[in-house]
Structures are given as C-alpha cells and as structure tokens.
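Here's the letter readout for the chains.
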Amino acid sequence: MSFSADHLANQFLIAMPGMVDPNFAGSVIYLFEHTERGAMGLMVNRPTEVDLETLFDKIELKLEIAPLLDQPVYFGGPVQIERGFVLHEPTTEMRYSSSLAVPGGLTMTTSKDVLEAVAAGAGPSKFLMTLGYAGWSAGQLEEEITLNGWINVPLSLEQMSEIIFNTPFSQRYERTMSHLGFDPSHLSGEAGHA
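Calculation criteria
- Residues numbered from 1 in each chain as written.
- Predicted model: local features only at pLDDT ≥ 70, side-chain atom pairs only at ≥ 80, totals over all residues.
- Heavy atoms only, no water.
- 1 Å grid on protein atoms, 1.4 Å probe; cavity = no way out; pocket = protein on both sides within 12 Å on 5 of 7 lines; lining within 4 Å.
- Points joined across faces, edges and corners; volume = space filled by probe spheres on them.
- Helix = DSSP H or I, 4+ residues; strand = E, 2+ residues; numbered from the N terminus.
- Nonpolar A, V, L, I, M, F, W, Y, C, P; charged D, E, K, R; others polar.
- pLDDT = per-residue confidence, 0-100.
- Contact = heavy atoms within 4.5 Å.
- Phe/Tyr/Trp six-rings, centres within 6.5 Å; stacked < 30°, edge-to-face > 60°.
- Buried < 20%, exposed > 50% of the residue type's maximum accessible area, 1.4 Å probe, protein only.
- Pairing = 2+ DSSP bridges.

Student: Outline the layout of surface pockets, listing residues and values.
Tutor: As a volume, the largest pocket reaches approximately 150 Å³. Looking at the largest pocket, it is lined by 14 residues, and the ones nearest its centre are Ile59, Gly84, Thr110, Leu115 and Met129. For the lining of the largest pocket, the secondary structure elements donating two or more residues are strand E6 (79-88), helix H3 (112-119) and strand E9 (127-137). Sort the elements by how many residues they give to the lining of the largest pocket and E6 lands first, with four residues. Of the residues that constitute the lining of the largest pocket, the class distribution is eight nonpolar, four polar and two charged.

And the structure:
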C-alpha cells in the first residue's frame, strides 16, 4: 500500500471501537499534518476542566468577551500538554507569527498573538483551543490504521467546521461517524484478514 506524503492531512481520524489506549478511545482528531516523517493532529472532542477565562488569566491576558469566558480548553493529545494550540478557520486579514495553514482546511496557530487578538476582539471568530497534540512517528499512523485502530473521514471544510465549531463536543464523534455512510454499530473492534 503506498501513501502520498500529505494524504491524510485535513481529515478527521476517528478512534475505532477496539481502541484500548485511554488517551484516544472515543476520540475525533483533526489531522493538520501528515508527511513521510509522521503525523500531527488535535483532538476536538475532549474538553478539560479549564475554561478560556482561566487559561487567559494564567498567561496574563484579560479576556472580557462574555461568550468566550466559559468556553472549554480541550485536551488536544498527550504530547506537549503544557503547550497551547489554536485550531481556527482560515483568516486572510490577520497573520500570526506561528501558524500552519492546512491546504483546503483549517489553520493551526501556536503563537500567543492569536490569543492576544482574541482578547482584543479581533481574533478568529471560530476557534478551538487545545493543550497538547496527538503525534505519530514515521509509519506509525499507517500501521495503526492497518491494525484497525483508526478510520479516516475526509470531509469538506464546511462539514469539518460545522462539527468542530458548531456541534456540542459530546456529539462530535457520532456526527463525524455519520458521514461514513453506514451504521457505526456495525463496526468491529477486530481487524479482518481475508
């Protein structure tokens, strides 16, 4: 089986029913990078007990925009959990110092300037803040997919944005699964071999 260097970037990964790693069981991950060196993504359905107001206080920014204060910070994955990642809609008017614009997809920003823009009311209108990310070394994700750990779900930017930014976190797994065109209850936790 051959893979192109970026074949899974800008897609969702869904943990299959047999996923035993508690970090990933039941998770939906937006993959923002997938190359021959490995893959990186952010879990979009695991809120933490920390909200944006608390996070902004910790980094000494004043957030006074009422609808954002209670918005949860998400667990993006078990790698670099002390580091913040902001997943947001692409912006043409604002450039941040450390962003990765996924071709045809969302933008992932790690620099504080995006949070400063949010605090000032000038940041991206739709965003998801995570601490940590999910990462795989070269060939690891492909192997986990082969072993029935994950299924990838390619969707349009509009469909992904709807799930990430407008769907309650508790429904994101099912909503993403619904785009596969079959009943998820028919999935097996076992890999089949013909």
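Resuming the write-up.
Student: I'd like a description of the confidence of the model for the protein chain, backed by residues and values.
Tutor: Averaged over the protein chain, the pLDDT score is 88; the fraction of residues at 70 or greater is 90%. For the protein chain, the element scoring lowest by mean pLDDT is helix H2 (residues 66-69), at 86; strand E5 (residues 72-75) scores highest, at 97. Across residues 1-5, confidence stays below pLDDT 50; counting only partners more than four residues off in sequence or on other chains, it has four contacts.

Student: Before we move on, could you go through the packing of aromatic side chains and cite the residues and values that matter?
Tutor: Here the structure, examined in full by the defined rule, presents five aromatic pairs. Between Phe12 and Tyr30, the aromatic rings sit 6.3 Å apart at their centres with planes inclined by 80°, giving edge-to-face as the arrangement. Of this pair, Phe12 sits in strand E1 (residues 11-15) while Tyr30 sits in strand E2 (residues 28-35); the two residues are 18 residues apart in sequence, bridging distant segments of the chain. Assigned by exposure class, Phe12 and Tyr30 land together as buried. Where Phe24 meets Trp150, the ring centres are 5.5 Å apart and the plane angle is 70°; that geometry is what we call edge-to-face. One end of the pair, Phe24, is in the loop between E1 and E2; the other, Trp150, is in strand E10 (residues 150-153), and 126 residues separate them in sequence. Overall, Phe24 belongs to the buried group, its relative accessible area being 9%. Residue class for Trp150 comes out buried when judged on its relative accessible area of 3%. Here a set of aromatic residues connected by ring pairs shows up, and it is made of Phe24, Trp136 and Trp150.

Student: How would you summarise H3 if you had to cite specific residues and measurements?
Tutor: Within H3, the full set of buried residues consists of Val114, Leu115, Ala117, Val118 and Ala119. Where the residues of H3 are buried, they touch helix H1 (52-58), H2, E6, strand E8 (107-109) and E9.

Student: Break down helix H5 (residues 157-166) for me, with residues and values.
Tutor: Buried within H5 are the following residues: Met160, Ser161, Ile163, Ile164 and Phe165. At its buried positions, H5 is contacted by E1, E2, E6, E9 and helix H6 (172-178).

Student: Describe in detail the pairing of E5, supporting the description with residues and values.
Tutor: Across two bridges, the pairing between strand E4 (residues 47-51) and E5 is antiparallel. Bridge pairing links Pro47 to Tyr74 in E5. When E5 meets E9, the two strands line up parallel, connected through two bridges. Bridge pairing links Tyr74 to Thr130 in E9.

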